[in-house]
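Per-entry structural report
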Protein chains: 2
Amino acid sequence: LSLTKTEIKYLTSLHNKKQRLREKRFLVEGTRLLEEALSAGYLPLTVFCCPSEIDSRGEKLIDGFRQVRVETKTVSSRECKLLTSTVSSPGIVALFPIRESNLSWQLREKPQRVLVCDKVGDPGNLGTLIRSAAAFRFGLVITTGGSAEVTNPKVIRASMGGFFRVPVVVDVPETETANLLKQSKYSLYQADIKGSDVGTAMPITGRIALIVGSETAGSGKILGGQADYRIRIPISDKVESLNAAVAGSILMFWFGSKEEAKK
Amino acid sequence: LSLTKTEIKYLTSLHNKKQRLREKRFLVEGTRLLEEALSAGYLPLTVFCCPSEIDSRGEKLIDGFRQVRVETKTVSSRECKLLTSTVSSPGIVALFPIRESNLSWQLREKPQRVLVCDKVGDPGNLGTLIRSAAAFRFGLVITTGGSAEVTNPKVIRASMGGFFRVPVVVDVPETETANLLKQSKYSLYQADIKGSDVGTAMPITGRIALIVGSETAGSGKILGGQADYRIRIPISDKVESLNAAVAGSILMFWFGSKEEAKK
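Residues numbered from 1 in each chain as written. Chains lettered and ligands numbered in written order. Predicted model: local features only at pLDDT ≥ 70, side-chain atom pairs only at ≥ 80, totals over all residues. Heavy atoms only, no water.

Moving on, we come to the overall build of chain A. When you go through chain A residue by residue, the secondary structure sums to twelve helices and ten strands. The globule rule puts the C-alpha radius of gyration for 263 residues at 18 Å, and the 20 Å found for chain A is close to it. Within chain A, buried positions represent 54% of all 263 residues. Here the contacts in chain A between residues at least 6 apart in sequence split such that 81% fall between residues at least 24 apart. When the accessible area of chain A is evaluated, it comes to approximately 12200 Å², of which 50% is carbon and sulfur surface. A gap of 2 Å separates the mean positions of the 37 positive and 27 negative side-chain charges of chain A. (Helix = DSSP H or I, 4+ residues; strand = E, 2+ residues; numbered from the N terminus. Rg over C-alpha atoms; globule rule 2.2 N^0.38 Å. Buried < 20%, exposed > 50% of the residue type's maximum accessible area, 1.4 Å probe, protein only. Contact = heavy atoms within 4.5 Å. Areas by Shrake-Rupley, 256 points an atom, 1.4 Å probe, with all protein chains shown as cover. Lys, Arg positive; Asp, Glu negative; His and termini not counted. Charge placed at Lys NZ, Arg CZ, Asp CG, Glu CD.)

Set out below in structure tokens:
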């Protein structure tokens with residue numbers, strides 16, 4: 001019923017970013033996140049669970065995975081703990097494939113709204129932005145090189161299942177991002193504290209791409225130079241800036257409310 | 001030029017929450033945060049700096065503190081590291097008084113907009129909410145019991161100086177919060193995923209208090225029961241909720257934009 005040494009060695013190696021990217025696999029832990037994955041139809045290859053550590057909600061989840069023919073394996077409490085990135089054992093951990101994706105291919109789907117995370121290095125901020133993108137019905141998230149690695153457990157946790165609901169294309173070079181978006185007729189809006197206030201005359205028609213940078217200086221130069229509009233959230237002049245995930249989320253909310261108003 | 005054993009023992013004891021609350025003192029580290037404190041006029045009692053570890057920006061900051069007659073002390077690199085909560089030495093650390101505050105007293109100032117953080121336990125979320133409150137010109141932040149401790153270094157860091165700019169009254173019991181706000185003629189708006197969409201008919205006149213809860217179930221019952229309005233941010237029905245700091249910040253932005261529209 002338990003794992004072999006080789007299996008454990010392989011699975012725990014996925015705590016390492018390089019190994020995740022090489023193997024195209026990552027681990028996700030905990031009932032809540034895995035419920036989101038199941039409900040979104042982003043299915044794991046294998047689910048590992050420790051029966052003594054899950055409650056009836058966890059049992060229901062395991063049943064759900066079995067119904068869609070996902071392999072489930074029983075593991076010991078000790079094994080379960082080895083597979084997790086946190087201190088406490090979540091009772092349930094699953095092995096997922098990293099979905100290969102490509103920007104040109106994704107843009108053929110013509111998502112109406114796209115979020116570009118330009119060098120967002122903080123995993124919590126990146127995850128929160130992905131969560132908000134799913135909430136505000138953005139159809140695609142792009143990360144440029146220098147952003148946090150998207151299958152990092154901190155990103156997945158902060159995304160609260162958003163990662164399973166919105167396609168994320170990672171590590172796209174800035175110039176390629178700008179070129180492909182422009183070819184597909186997107187208007188590029190760069191979040192920029194030196195831009196024009198949202199709400200001032202600014203056309204919002206057709207497909208839009210919102211570019212959000214990190215808070216550290218120096219980011220956003222390449223993509224920013226390609227932007228059609230630079231927009232800012234009006235804040236007190238005594239305050240330097242908002243948190244990057246907050247600023248991006250407010251702008252996603254704002255684009256959504258503009259679209260509602262047009263209907 | 002250096003600290004005595006007793007001084008070091010006292011200062012390092014402030015890494016502990018109980019000790020901070022007993023002594024009414026807390027430490028803040030790093031050039032950027034201390035620049036904010038100086039600029040906001042929230043002055044420390046003593047600034048400790050390690051000359052070999054600060055750059056010209058740090059030197060300018062030290063000069064700034066001296067000009068307003070704040071005591072500065074030179075410490076060794078090792079001492080500086082002892083005073084910090086992070087791994088790397090920030091070169092500069094300051095000892096601040098916790099400002100005693102009281103809700104009745106603060107409400108006499110009649111701030112137009114008040115943010116209530118109801119059991120926001122995550123220090124990063126609480127700090128981010130304080131940062132956004134300062135940015136959106138809220139005049140007061142209240143935390144209820146069960147919220148993160150506001151002088152926790154993680155809160156101060158996430159607030160990015162917001163803590164120095166907006167008064168924060170901590171640990172107010174929920175019933176007292178509701179009663180005092182109502183006596184002072186505030187309308188209470190509870191952020192609630194089961195509430196009415198923002199933008200639907202809902203009067204926004206006079207003084208408002210926005211209540212933001214944590215994301216865990218069970219919070220917000222007492223204050224929520226006292227709210228005049230329950231408001232929600234419209235999101236995809238496939239997504240359960242937004243991050244608490246994001247939701248609170250979007251609502252603060254929204255109240256601000258409503259006020260602008262009235263002008």
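Residue and element names in this part refer to chain A. Here we have six strands laid out as an open sheet, ordered β7-β6-β5-β9-β8-β10, and parallel in their pairing. The sheet is open, and its two borders are formed by β7 (168-172) and β10 (229-232), each paired with just one other strand. Taking each pair of neighbouring strands and ignoring which way they run, the sheet shows an average axis angle of 30°. The sheet contact formed by strand β8 (residues 186-197) and strand β9 (residues 207-213) spans five bridges and is parallel. (Pairing = 2+ DSSP bridges. Axes fitted to C-alpha atoms, helices over the stretch in contact; angles between N-to-C directions.)

Our focus in this paragraph is the pairing of strand β1 (residues 25-29) of chain A. Residues and elements named next belong to chain A. Burial within β1 is extensive, with four of its five residues counted as buried. As defined by bridge partners, β1 adjoins strand β4 (residues 92-97) across five bridges and the pair is classed as antiparallel. Looking at the pairing, Val28 lines up with Ala94 of β4.

All names here are of chain A. Contact pair helix α3 (residues 31-40) / helix α4 (residues 56-67): the axes reach a minimum separation of 10 Å and the direction vectors enclose 30°. Regarding the angle of α3 to α4, the classification is roughly parallel. Considering the relative orientation of α3 and α4, their crossing is left-handed. Residues Thr31, Arg32, Leu34, Glu35 and Leu38 of α3 form the contact with α4, whose own contacting residues are Arg57, Gly58, Leu61, Gly64 and Phe65. (Parallel < 35°, antiparallel > 145°, perpendicular 65-115°, else oblique. Left-handed = near helix turned anticlockwise from the far one by under 90°.)

The next point concerns the relation of the copies chain A and chain B. Under the fitted operation, chain A is carried onto chain B by 0.0 Å of movement along the axis and a turn of 180°, and the coordinates agree to an RMSD of 0.0 Å. This pairing of chains is accounted for by a two-fold axis. Comparing interface residues between copies, 100% of those in chain A also lie at the interface in chain B; the contact surface is shared. (Least-squares fit on C-alpha atoms with pLDDT ≥ 70 in both.)

Another point: the side chain of Thr177 of chain A. Residues and elements named next belong to chain A. Examined against the element boundaries, Thr177 turns out to sit in helix α10 (residues 174-183). Take Thr177: its relative accessible area is 0%, and that puts it in the buried class. A distance of 2.9 Å separates the side chain of Thr177 from the backbone oxygen of Pro173, its partner in a polar contact. Excluding anything up to four places from it in sequence, Thr177 contacts Leu103, Val116, Ile142, Thr144, Val172 and Leu223. (Polar contact = N/O pair within 3.5 Å; in protein donor to acceptor, adjacent residues only side chain to side chain.)

Okay, the confidence of the model for chain A next. Residues and elements named next belong to chain A. Confidence along chain A averages 91 in pLDDT terms, with 95% of residues attaining 70 or more. Per-element averaging of pLDDT across chain A places helix α11 (residues 221-226) at the bottom with 82 and helix α7 (residues 123-135) at the top with 97. Confidence estimates for the predicted assembly give a pTM of 0.93 and an ipTM of 0.90. (pLDDT = per-residue confidence, 0-100.)

Moving on: the side chain of Glu174 of chain B. All names here are of chain B. Assignment of secondary structure puts Glu174 in helix α10 (residues 174-183). Overall, Glu174 belongs to the buried group, its relative accessible area being 13%. Not counting residues within four places of it along the chain, the set of residues in contact with Glu174 comprises Asp118, Lys119, Thr144, Ile222 and Leu223.

Attention now goes to the packing of aromatic side chains. Residue and element names in this part refer to chain A. Tallied over the full model, the rule gives 23 aromatic pairs over all chains. Ring centres of Phe26 and Phe96 lie 5.6 Å apart, and the angle between their planes is 25°; on these two criteria the pair is classed as stacked. Of this pair, Phe26 sits in strand β1 while Phe96 sits in strand β4, placing them 70 residues apart in sequence. For the pair formed by Phe26 and Phe96, the shared burial category is buried. Linked through ring pairs, Phe26, Tyr42, Phe96, Phe163 and Phe164 together constitute an aromatic cluster. A cation sits over an aromatic face here: Arg99 above Tyr42, 3.8 Å from the ring centre. (Phe/Tyr/Trp six-rings, centres within 6.5 Å; stacked < 30°, edge-to-face > 60°. Lys NZ or Arg CZ within 6 Å of the ring centre and 35° of its normal.)

Residues and elements named next belong to chain A. Compared with the 18 Å implied by 1.5 Å per residue over 13 residues, the 18 Å span of α7 between its first and last C-alpha is a close match. In terms of burial, α7 is largely enclosed, as twelve of its 13 residues are buried. Every buried residue of α7 is listed here: Pro123, Asn125, Leu126, Gly127, Thr128, Leu129, Ile130, Arg131, Ser132, Ala133, Ala134 and Ala135. Between the side-chain oxygen of the N-cap and the backbone nitrogen of Gly124 there are 3.1 Å, and the N-cap of α7 in question is Asp122. In the stretch just after α7, Arg137 is the one whose phi turns positive, near 60°. (Expected span 1.5 Å × (residues − 1).)

In this fold, Leu242 of chain A is placed in the loop between β10 and α12 (244-262). Linking Leu242 of chain A and Thr72 of chain A, residues 170 residues apart in sequence, is a C-alpha distance of 43 Å.

Time to look at the interface of chain A and chain B. In this complex, chain A contributes 29 residues to the contact, which on the side of chain B involves 29 residues. Each partner contributes to the roughly 2400 Å² buried at the junction of chain A and chain B, and carbon and sulfur atoms together form 59% of this total. Here chain A is connected to chain B by ten residue pairs in polar contact (both at pLDDT 80 or more). At the level of secondary structure, the elements contributing two or more residues to the side of chain A that touches chain B comprise α3, α7 and α12 of chain A. For the side of chain A that touches chain B, the element with the most residues is α12 of chain A, which contributes six residues. (Buried area = accessible area lost by both parts, 1.4 Å probe.)

Backbone geometry places Met160 of chain A, a non-glycine residue, at a positive phi of 50°. Along the polypeptide, Met160 of chain A turns up in the loop between α8 (153-159) and α9 (162-165).

All names here are of chain B. Taken in spatial order, the four strands line up as β1-β4-β2-β3 in an open sheet, and their pairing is mixed. Each edge of the open sheet carries a strand with a single partner, namely β1 (25-29) and β3 (71-74). Neighbouring strand axes in the sheet, compared pairwise and without regard to direction, differ in orientation by 20° on average. Note: strand β2 (residues 46-49) against strand β4 (residues 92-97), four bridges, orientation antiparallel. Among the inter-strand pairings, Val47 is bridged to a residue of β4, identified as Ala94.

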